[in-house]
Amino acid sequence: MRNTSPYVTMAVASFLGWTALAVESFITPPPQDYRDALILIPWTLYAIVIVGVHQAQRERTGGFAVIGLVLTLAGMATSAVGNVGVLLGSQAMVAVSFPIGPGLFSLGMLLFGIATFRAGILPRYAGVMLVLAQPLTIGIGVALSWHVPVHPHGSFTGGLGHGITVLMLAIALVRVQRMGEPQQATVPR
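About the criteria used
Residues numbered from 1 in each chain as written. Predicted model: local features only at pLDDT ≥ 70, side-chain atom pairs only at ≥ 80, totals over all residues. Heavy atoms only, no water. Helix = DSSP H or I, 4+ residues; strand = E, 2+ residues; numbered from the N terminus. Rg over C-alpha atoms; globule rule 2.2 N^0.38 Å. Buried < 20%, exposed > 50% of the residue type's maximum accessible area, 1.4 Å probe, protein only. Contact = heavy atoms within 4.5 Å. Areas by Shrake-Rupley, 256 points an atom, 1.4 Å probe, with all protein chains shown as cover. Axes fitted to C-alpha atoms, helices over the stretch in contact; angles between N-to-C directions. Parallel < 35°, antiparallel > 145°, perpendicular 65-115°, else oblique. Left-handed = near helix turned anticlockwise from the far one by under 90°. Nonpolar A, V, L, I, M, F, W, Y, C, P; charged D, E, K, R; others polar.

A.B. asks: Please set out the overall build of the protein residue by residue, giving values where relevant.
C.D. replies: Across its full length, the protein carries seven helices and zero strands. Ordered by position from the N terminus, the helices and strands of the protein form the series α-α-α-α-α-α-α. Computed over C-alpha atoms, the radius of gyration of the protein comes to 18 Å, within 12% of the 16 Å expected from 2.2 N^0.38 for 189 residues, which places it in the range of a compact globule. Counting only C-alpha atoms and orienting by the principal axes, one finds that the protein spans roughly 70 × 35 × 25 Å. Taken over 189 residues, the protein has a buried fraction of 42%. The contacts of the protein with a sequence gap of at least 6 include a subset with a gap of at least 24, amounting to 74%. For the protein, the accessible area works out to roughly 9500 Å², and carbon and sulfur atoms hold 71% of it.

Below is the structure:
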């Protein structure tokens with residue numbers, strides 16, 4: 001079994017980043033451009049964790065997972081371009097990223113989640129969380145819109161859904177690592 005510890009650490013850091021941005025967005029509701037810069041930290045860590053999930057199970061997932069992984073990462077990169085566009089004031093960069101980035105990301109997560117579920121290396125909930133990550137994020141954002149109106153940038157209360165997903169992936173990776181470690185035989189004395 002591959003060492004998943006670095007991915008677990010990055011997943012926890014990503015979870016903390018998503019949570020901090022969600023809480024900060026809730027406490028101070030108006031959209032803020034600096035959040036578009038800060039979100040790139042947990043977003044990048046999230047991408048690395050998804051690569052780690054692929055590494056942990058690639059012997060059993062096949063081409064379907066690779067397609068999902070590529071679409072997910074392409075969607076993440078395209079979405080990040082939009083965030084940079086907001087920071088630079090480039091409407092062209094923003095226009096390129098939406099809806100292409102979220103669309104690729106959502107489709108990729110759906111395919112990668114199904115492949116993860118079917119592979120059976122990680123606990124099945126990891127695949128379910130990958131599939132539900134984007135709907136969960138949208139749902140949380142909409143549920144909290146009574147206080148923080150949904151906005152195309154600068155407000156990330158819904159990002160808590162990605163935080164929950166990446167935390168569940170960390171737990172799944174820890175479980176896989178523990179199951180893959182050889183057990184110490186105990187000798188009765």
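What follows picks up the thread again.
A.B. asks: Residue-level account of the packing of helix H5 (residues 100–119) against helix H6 (residues 124–143), with values.
C.D. replies: Where H5 meets H6, the axes come as close as 7 Å, and the angle between the chain directions of the two elements is 165°. On the basis of the axis angle, H5 is roughly antiparallel to H6. Where H5 crosses over H6, the two elements pack in a sense that is left-handed. On H6, the residues that touch Pro 102, Phe 105, Ser 106, Met 109, Leu 110, Phe 112, Gly 113, Ile 114, Thr 116, Phe 117 and Arg 118 of H5 are Arg 124, Ala 126, Gly 127, Val 128, Leu 130, Val 131, Ala 133 and Gln 134. Split by residue class, the contact of H5 with H6 holds 12 nonpolar, five polar and two charged.

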